[in-house]
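Overview (structure and organization)
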Protein chains: 2
Amino acid sequence: MTRVVVIGADAAGASAAAGIKRTAPEWDVIMLDRGTYTSYAACGLPYWAAGQIPDKSQLVARSPEQHRANGIDVRLQHEVTGIDVAAGTLDVRQPEGEHVLGYDALLIATGAGPALPPVDGLEAPNVHAIHTIPGVQSLVESMPGSGAKAVVVGAGFIGLEMAEAFVDRGLDVTVVDLADHPMVSLDTDMGQLVAEQMAAQGITGIFGQALTRIVVGPDGLAESVETDSASFPCDVVVVALGVKPQVDLAVAAGLPIGHSGGIATDDHQQVVPGIYAAGDCVDTYHRLLGHTVVMPLGTHANKQGRVAGINIAGGDARFPGIIGTAITKVGRTCIARTGLSQKQSEASGFETTSVTSTTPVIAHYMPDPGRMTVKLTATVDNGRLLGAQIVGDRPLAAKRIDTAATAIWNSMTAEDLLNMDLSYAPPFSPVWDPVQIAARRLLSSSGG
Amino acid sequence: MTRVVVIGADAAGASAAAGIKRTAPEWDVIMLDRGTYTSYAACGLPYWAAGQIPDKSQLVARSPEQHRANGIDVRLQHEVTGIDVAAGTLDVRQPEGEHVLGYDALLIATGAGPALPPVDGLEAPNVHAIHTIPGVQSLVESMPGSGAKAVVVGAGFIGLEMAEAFVDRGLDVTVVDLADHPMVSLDTDMGQLVAEQMAAQGITGIFGQALTRIVVGPDGLAESVETDSASFPCDVVVVALGVKPQVDLAVAAGLPIGHSGGIATDDHQQVVPGIYAAGDCVDTYHRLLGHTVVMPLGTHANKQGRVAGINIAGGDARFPGIIGTAITKVGRTCIARTGLSQKQSEASGFETTSVTSTTPVIAHYMPDPGRMTVKLTATVDNGRLLGAQIVGDRPLAAKRIDTAATAIWNSMTAEDLLNMDLSYAPPFSPVWDPVQIAARRLLSSSGG
């Protein structure tokens, strides 16, 4: 009997395990996790914190019992402490003690952990990271009342989502970031648009200031967040400075690490023969940059887990890489990006042209047409699209990033995009889709 | 001085005229229209009828005065009655009399007119087509009060939009169509989903019945709509059986007509040297069918008008054809399609596989996640995507058709689509985008 062991029971691990068991039901598929949950939607945690999701069980896509009903041997509170690649065994620690577990094939899906700054005060119980169900549960249970002061350190995806969550809870919200604008994966002009929208929604944005410490009062609770130039009183703090791949096990086992710090895999998610890795713990190929990056998103974890599962089960699937598509919202302001920003393009050696275009989200004569700004970046020489950024009202504005992502994925030019047959009716779009309006402006600005 | 004459002052004509004047400001650009409006949004007419747009002036994208301020010589109530191709002249009838107008280049943008059934009763003043501002104005001014009976003949795009409009006005709405389901450009299974959603919203759908006559009472008003098997009392009637290209002028001038009944053009929108045509009056190349079709949509008219304008002004632009993308809504139910339906694929000789998948519109644990059904059709031999259909709650569901449209435009396979980097966050999408969930199901069903 073939035994597959999966380390990590979230998106990548659980996707792979389910796929393997479906393809090879006679195989022994063991899924280990050091925690007590399987397949939970980490991306939903801010919305639980916001009170939009009443019960944490809704965040669990598939419970341990459901996985077990599918034939997967789920073992929780089982932490892998070592991988012996030559022997094909794992050292496993569980509450009852330690043991060695052999495998024929191994999937490492250890995910990512919060990147915490080297400052004092992080241990205070009103300082939170948004990473696990138990972690967010403590925030939900201790959520201060309306009017209390929340400070969010970090104005990236989770930072903005938590700003929205605290606004939903009636708190007075300050977001602090070292960068000069929120969402550093956007260009400055688009990031400043986000900053304006945050301000219009009553969120205080403090940019260009470095966190120096969290001041803990005599009661053991954080009472202010200090930067290099100011101090912000707080009743609750969220630190959202991103995550880093959890690769200690892989490093200790001598497995290769990519240049962005995740486990290095080939396009079949294989690390070395018999060992695969997928999800937030890996380096992922960026199709436009031409090298690997760490891009910890549930969508990639699911896809890579599927690919790893197919290959482990003897099939042949390839993960084609990513182009940096991402989306989020803060209140009514929806934000999306794909491909390379202008600054990222230029840093990568492309000679580029960019244009920004602001239009209604739907036909201008409809009630509440909203507004959205699209920025497109293309190569100067042949007009090939490199990137798109959108800031706009309502999800319908930002989800248009997928049109741009699909166009960029297929190496389309601005002219190609302009002429493409996209859907139009007044409740959905202006007669030229806003993405095409930007493409038209890009062509005009380059004499096309 | 070069003189360009444009016949028709709506989407295609006005786009071209504006482009020509921008490129060649010294040219004489004359835009003739037999009506009294320019650049009005015909697609917005149902929403004006619904009362969502308070003032008809909002439907006018650019008034005659605005066109004139841009240097275009707009001449309204000027009807072209003949084209002398050899002489390069037009016969023009205006209120003051008739005259001959010479041109160096001509753009025919005469649009489409309502396709009216060969039945009695159409002349009754409470029977309306939704085609022009004056036509819809008479409907708006005579709109019966809440509880009155509206009958809509035709369950296509305009028919459903008018059903929604009458529901918004509080009327009791019956939609009658010869086909066995609404939206004949959808497959039967997807069309039946639309029918169910219409019924759930209180709209009576009568399918598979042929209109035989509209019965006019002694007061001259339509009092019932009769089909081959039933009679439906009415206070107001809309006939929405589609449109047909207005090509009489082109036919009389000996210009070529395409096999779908529109004016035949090349991919530069040129009919014969010096004469161009664009918009609802032309045959348009369908990239998947491999032949021309009539697809009267404002989005194509604008794009073709732009292309014609560039070429007339001495540039070189190509209209690459269409793939049949369309979108609409009836109440909360949003409907979109692109590419070929299953029945259309099979009629075109493709050996196809199709799959239908129903998912939430956004992450299932978010408040009000909605539901959407995606149908994908692909070739059996290589999995190349041919078509997509979506029926779902809210615009965010249906506008995803653009992802499928862009994928189909680029000849992607289901596997390509599945692995593509689309945007994900809980307020926008499940972790696998619903279009990708359908692609995954398509692969599974074909053993992939």
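The structure displayed is predicted, hence computed values, not measured ones.

1. Examining the nonpolar core
Grouped together as the largest cluster of nonpolar side chains are 167 residues, with contacts concentrated most on Phe166 and Leu376 of chain A together with Phe166 and Leu376 of chain B. Those residues in contact with Leu376 of chain A that sit more than four places away from it in its chain are Thr353, Ser354, Val355, Leu385, Gly387, Ala388, Leu417, Val435, Ala438, Ala439 and Leu442 of chain A.

2. Overview of the environment of Asp33 of chain B
Residue and element names in this part refer to chain B. Secondary-structure assignment places Asp33 in strand 2 (residues 28–33). Put simply, Asp33 and Glu79 are 46 residues apart on the chain and 6.1 Å apart in space, counted from C-alpha to C-alpha. Residues contacting Asp33, with those up to four places away along its chain left out, are Gly8, Ala9, Asp10, Arg75, Leu76, Gln77 and His78.

3. Here we look at the relation of the copies chain A and chain B
Overlay of chain A on chain B (RMSD 0.0 Å): rotation 180°, translation along the axis 0.0 Å. One copy is carried onto the other by what is essentially a two-fold rotation axis. Most of the interface of chain A is mirrored in chain B: 100% of its interface residues are interface residues there too.

4. Quick notes on the pattern of salt bridges
Scanning the entire structure with this criterion turns up 32 salt bridges over all chains. When the shortest N-O distance is used, the salt bridge between Lys375 of chain B and Asp189 of chain B registers 3.1 Å. Of this pair, Lys375 of chain B sits in strand 25 (residues 372–379) while Asp189 of chain B sits in helix 6 (residues 188–200); the two residues are 186 residues apart in sequence, bridging distant segments of the chain. Accessibility expressed as a relative area gives 3% for Lys375 of chain B, which makes it buried. Taking relative accessible area as the criterion, Asp189 of chain B reaches 34% and is therefore assigned partly exposed. Arg318 of chain B is the salt-bridge partner of Asp267 of chain B, the closest N and O atoms lying 3.7 Å from each other. Separated by 51 residues along the polypeptide, Asp267 of chain B in the loop between helix 7 (248–252) and strand 18 (270–272) and Arg318 of chain B in the loop between helix 8 (298–312) and strand 22 (326–330) bring together distant segments of the chain. What you see here is one network of salt bridges that share partners, running through Arg34, Glu79, Arg93 and Glu98 of chain A.

5. Focus: the sheet that holds strand 6 (residues 97–102) of chain A
Residues and elements named next belong to chain A. Here three strands make up an open sheet; going across it, the order is 4-5-6 and the pairing antiparallel. In this open sheet, the two edge strands, each paired with only one partner strand, are strand 4 (79–84) and strand 6. Along the sheet, successive strands turn relative to each other by an average axial angle of 20°, direction set aside. Across five bridges, the pairing between strand 4 and strand 5 (residues 89–94) is antiparallel. In the sheet register, Ile83 faces strand 5, and the bridge partner there is Leu90.

6. Section: the packing of aromatic side chains
Summed over the entire model, instances satisfying the criterion amount to two aromatic pairs over all chains. With a centroid separation of 6.5 Å and an interplanar angle of 70°, the aromatic rings of Tyr37 of chain A and Tyr40 of chain A are classed as edge-to-face. According to the relative accessible area criterion, Tyr37 of chain A is partly exposed, its value standing at 22%. Across the ring face of Trp432 of chain A, the terminal group of Lys303 of chain B is positioned such that the distance to the ring centre comes to 5.4 Å.

7. Focus: the interface of chain A and chain B
One frequently used descriptor of interface size is the decrease in accessible area upon assembly of the parts. At the junction of the two partners, chain A supplies 63 residues and chain B supplies 63 residues. For the pairing of chain A and chain B, the buried interface totals around 5400 Å² over both sides, and the portion due to carbon and sulfur atoms is 64%. Per-residue buried area on chain A facing chain B is highest for Tyr365, Asp421 and Phe428 of chain A; these three make up 15% of the total on that side. Taken together, the connections running from chain A to chain B amount to two salt bridges. A salt bridge links Asp433 of chain B to Lys399 of chain A; its shortest N-O distance comes to 2.7 Å. Taken together, chain A and chain B are joined by 16 residue pairs in polar contact (both at pLDDT 80 or more). Mapped onto the side of chain A that touches chain B, the elements with two or more residues apiece are helix 8 (298–312), strand 22 (326–330), helix 10 (394–398), helix 11 (401–409), helix 12 (414–419) and helix 13 (434–445) of chain A. For the side of chain A that touches chain B, the residue count by class is 33 nonpolar, 19 polar and eleven charged.

8. Observations regarding unusual backbone geometry
One non-glycine residue, Met183 of chain A, lies in positive phi territory at about 60°. Among the structural elements, Met183 of chain A can be located in the loop between strand 11 (172–177) and helix 6 (188–200). A relative accessible area of 2% places Met183 of chain A in the buried class. A positive phi is found at Gln77 of chain B, a non-glycine position, where the angle reads about 50°. Mapped onto the fold, Gln77 of chain B is located in the loop between strand 3 (73–76) and strand 4 (79–84). Using a relative accessible area of 44% as the deciding quantity, one classes Gln77 of chain B as partly exposed.

9. A short note on the environment of Asp55 of chain B
Along the chain, Asp55 of chain B falls in the loop between helix 2 (45–49) and helix 3 (64–69). One polar contact links the side chain of Asp55 of chain B to the main-chain amide nitrogen of Ser57 of chain B, over a distance of 2.9 Å.

10. Digging into the sheet that holds strand 24 (residues 352–359) of chain B
All names here are of chain B. Strand order in the open sheet formed by five strands is 22-23-26-25-24, with antiparallel pairing between adjacent strands. The outermost strands of the open sheet, each flanked by one partner alone, are strand 22 and strand 24. Averaged over all pairs of adjacent strands, the angle between their axes in this sheet comes to 10°, without regard to strand direction. Note: strand 24 against strand 25, eight bridges, orientation antiparallel. Across the sheet, residue Thr356 finds its bridge partner in strand 25, namely Lys375. Sheet strands in contact with helix 11 (residues 401–409) are strand 23 (333–339) and strand 26 (385–393), and its direction is about 180° off that of strand 26.

11. Section: the pairing of strand 11 (residues 172–177) of chain B
All names here are of chain B. Along strand 11, five of the six residues are buried, which leaves the element largely enclosed by surrounding structure. Pairing between strand 10 (residues 149–153) and strand 11: five bridges, direction parallel. The partner of Lys149 across the bridge, within strand 11, is Asp172. Traced from strand 10 through helix 5 (residues 157–168) to strand 11, the parallel crossover comes out right-handed. As judged from the four bridges shared by strand 11 and strand 12 (residues 204–207), these two strands associate in the parallel manner. Looking across to strand 12, one finds that Val176 is bridged to Ile206. Where the polypeptide runs from strand 11 across helix 6 and back to strand 12, its parallel neighbour, the crossover connection is right-handed.

12. Considerations on the pairing of strand 25 of chain B
All names here are of chain B. With eight of eight residues buried, strand 25 is to be regarded as a mostly interior element. Judged by which residues are buried, strand 25 turns out to be covered on both faces: Met372, Val374, Leu376 and Ala378 on one side and Thr373, Lys375, Thr377 and Thr379 on the other are all buried. Relative to strand 26, strand 25 is paired through seven bridges, and the arrangement is antiparallel. Bridging across to strand 26, Thr373 finds its partner in Val391. In this antiparallel pair of consecutive strands, strand 25 and strand 26, the connection spans five residues, and Gly383 shows a positive phi of 70°.

13. Examining the packing of helix 11 of chain A against helix 11 of chain B
Two elements in contact, helix 11 of chain A and helix 11 of chain B, have axes separated by 8 Å at closest approach and are oriented at 15°. The orientation of helix 11 of chain A with respect to helix 11 of chain B, classified from their angle, is roughly parallel. Of the two elements, helix 11 of chain A crosses helix 11 of chain B, and the hand of that crossing is right-handed. Listed contacts from helix 11 of chain B to Asp402, Thr403, Thr406 and Ala407 of chain A of helix 11 of chain A are Asp402, Thr403, Thr406 and Ala407 of chain B. Residue composition of the contact of helix 11 of chain A with helix 11 of chain B, by class: two nonpolar, four polar and two charged.

14. Describing the side chain of Ser429 of chain B
For Ser429 of chain B, the location among the structural elements is in the loop between helix 12 (414–419) and helix 13 (434–445). Note on Ser429 of chain B: relative accessible area 0%, which makes it buried. Polar contacts involving the side chain of Ser429 of chain B include one to the side chain of Arg400 of chain B, which spans 3.4 Å. Beyond its immediate chain neighbours, meaning those up to four positions away, Ser429 of chain B contacts Lys399 of chain A together with Val361, Ile362, Ala363, Arg400, Ser423, Tyr424 and Pro434 of chain B.

15. A short note on helix 13 of chain A
With twelve residues, helix 13 of chain A extends 16 Å from end C-alpha to end C-alpha; this agrees with the ideal 16 Å at 1.5 Å per step. Turning to helix 13 of chain A, its buried residues are Pro434, Val435, Gln436, Ile437, Ala438, Ala439, Leu442 and Leu443 of chain A. Tucked inside the fold, the buried residues of helix 13 of chain A contact strand 24 (352–359), strand 25 (372–379), strand 26 (385–393) and helix 12 of chain A together with helix 8 of chain B.

Here is what the cut-offs are and how they apply
Residues numbered from 1 in each chain as written. Chains lettered and ligands numbered in written order. Predicted model: local features only at pLDDT ≥ 70, side-chain atom pairs only at ≥ 80, totals over all residues. Heavy atoms only, no water. Core = buried A, V, L, I, M, F, W, Y, C linked by side-chain atoms within 4.5 Å. Buried < 20%, exposed > 50% of the residue type's maximum accessible area, 1.4 Å probe, protein only. Contact = heavy atoms within 4.5 Å. Helix = DSSP H or I, 4+ residues; strand = E, 2+ residues; numbered from the N terminus. Least-squares fit on C-alpha atoms with pLDDT ≥ 70 in both. Salt bridge = Lys/Arg side-chain N within 4 Å of Asp/Glu carboxyl O. Pairing = 2+ DSSP bridges. Axes fitted to C-alpha atoms, helices over the stretch in contact; angles between N-to-C directions. Phe/Tyr/Trp six-rings, centres within 6.5 Å; stacked < 30°, edge-to-face > 60°. Lys NZ or Arg CZ within 6 Å of the ring centre and 35° of its normal. Buried area = accessible area lost by both parts, 1.4 Å probe. Polar contact = N/O pair within 3.5 Å; in protein donor to acceptor, adjacent residues only side chain to side chain. Nonpolar A, V, L, I, M, F, W, Y, C, P; charged D, E, K, R; others polar. Right-handed = clockwise from strand over helix to strand, strands pointing away. Parallel < 35°, antiparallel > 145°, perpendicular 65-115°, else oblique. Left-handed = near helix turned anticlockwise from the far one by under 90°. Expected span 1.5 Å × (residues − 1).

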